[in-house]
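Okay, here's what each chain looks like letter by letter:
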Amino acid sequence: MKVVSIAAILGLLFFLSAPFASASTDNIRSLARVTMNLDKPLSDADKASLNAIVESDDATDEEATIALALSQFDQRVAPGDVDRLYQVVEDDLSDESARVLAGILLRLNQNPEADDAAILAELAK
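Residues numbered from 1 in each chain as written. Predicted model: local features only at pLDDT ≥ 70, side-chain atom pairs only at ≥ 80, totals over all residues. Heavy atoms only, no water.

Turning to the overall build of the chain, a few remarks are in order. When helices and strands are tallied, the chain shows seven helices and zero strands. Starting at the N terminus, the α and β elements of the chain follow one another as α-α-α-α-α-α-α. Long-range pairs, those at least 24 residues apart, make up 60% of the contacts in the chain between residues at least 6 apart in sequence. Of the roughly 7,600 Å² that the chain leaves accessible, carbon and sulfur atoms contribute 56%. (Helix = DSSP H or I, 4+ residues; strand = E, 2+ residues; numbered from the N terminus. Contact = heavy atoms within 4.5 Å. Areas by Shrake-Rupley, 256 points an atom, 1.4 Å probe, with all protein chains shown as cover.)

Laid out in structure tokens, this is it:
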């Protein structure tokens, strides 16, 4: 019984760490950093970074969607961005890091909760 419990816990930890292992793109790291600091207005550097992701041919559609939502964020996700972010979250083919980040944005009300802040810190690495 103890072996099964340990195996279950290790499996859960592996599953929960999977999104962070796939957070390999610079875009996801940048998006996570911007999300961590939404308690203050976006800096010019943040705006430029988000705009570069939106306009980049190398950014995934998910990354561009998240960048656009962040650029229009004002205490909450703008109503026009909600459906697009839900599509990212619900798309099994989307990068897991992008899905996690989009989910955090949808829950966000100005500042991330402690659990979400920890996830963002891992994504930003």
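Past the structure itself, the notes keep going.
This brings us to the packing of helix α4 (residues 61-71) against helix α5 (residues 79-90). Between α4 and α5, the shortest axis-to-axis distance is 10 Å and the interhelical angle comes to 150°. Where α4 crosses over α5, the two elements pack in a sense that is left-handed. For the pair α4 and α5, contact is made by E62, T65, I66, L68 and A69 and by D81, R84, L85 and V88, respectively. Looking at side-chain class alone, the contact of α4 with α5 contains five nonpolar, one polar and three charged residues. (Axes fitted to C-alpha atoms, helices over the stretch in contact; angles between N-to-C directions. Left-handed = near helix turned anticlockwise from the far one by under 90°. Nonpolar A, V, L, I, M, F, W, Y, C, P; charged D, E, K, R; others polar.)

Moving on to unusual backbone geometry. One non-glycine residue, Q75, lies in positive phi territory at about 70°. With respect to the secondary-structure elements, Q75 resides in the loop between α4 and α5.

Moving on, we come to the pattern of salt bridges. According to the stated counting rule, one finds six salt bridges in the structure shown. Put simply, D26 and R29 hold a salt bridge, and the shortest N to O gap is 2.6 Å. Here D26 pairs with R29, and both are found in helix α2 (residues 26-36), just three residues apart, close to one helical turn. A relative accessible area of 58% places D26 in the exposed class. (Salt bridge = Lys/Arg side-chain N within 4 Å of Asp/Glu carboxyl O. Buried < 20%, exposed > 50% of the residue type's maximum accessible area, 1.4 Å probe, protein only.)

Another point: the nonpolar core. Of all hydrophobic cores here, the largest spans 28 residues; its most connected members are L31, L38, L50, I66, L70, L85 and L105. No other element matches helix α6 (residues 96-107), which puts seven residues into this core. The contacts of L70, once residues within four sequence positions are left out, are L31, V34, T35, L38, L42, L50 and L105. (Core = buried A, V, L, I, M, F, W, Y, C linked by side-chain atoms within 4.5 Å.)

All right, on to the packing of α4 against α6 then. Between α4 and α6, whose axes approach to 10 Å, the crossing angle comes to 20°. Between α4 and α6, the crossing angle belongs to the class labelled roughly parallel. Relative to α6, the crossing made by α4 is left-handed. Counting all contacts with α4, which are made through E62, I66 and L70, the residues of α6 involved are A98, L101, A102 and L105. (Parallel < 35°, antiparallel > 145°, perpendicular 65-115°, else oblique.)

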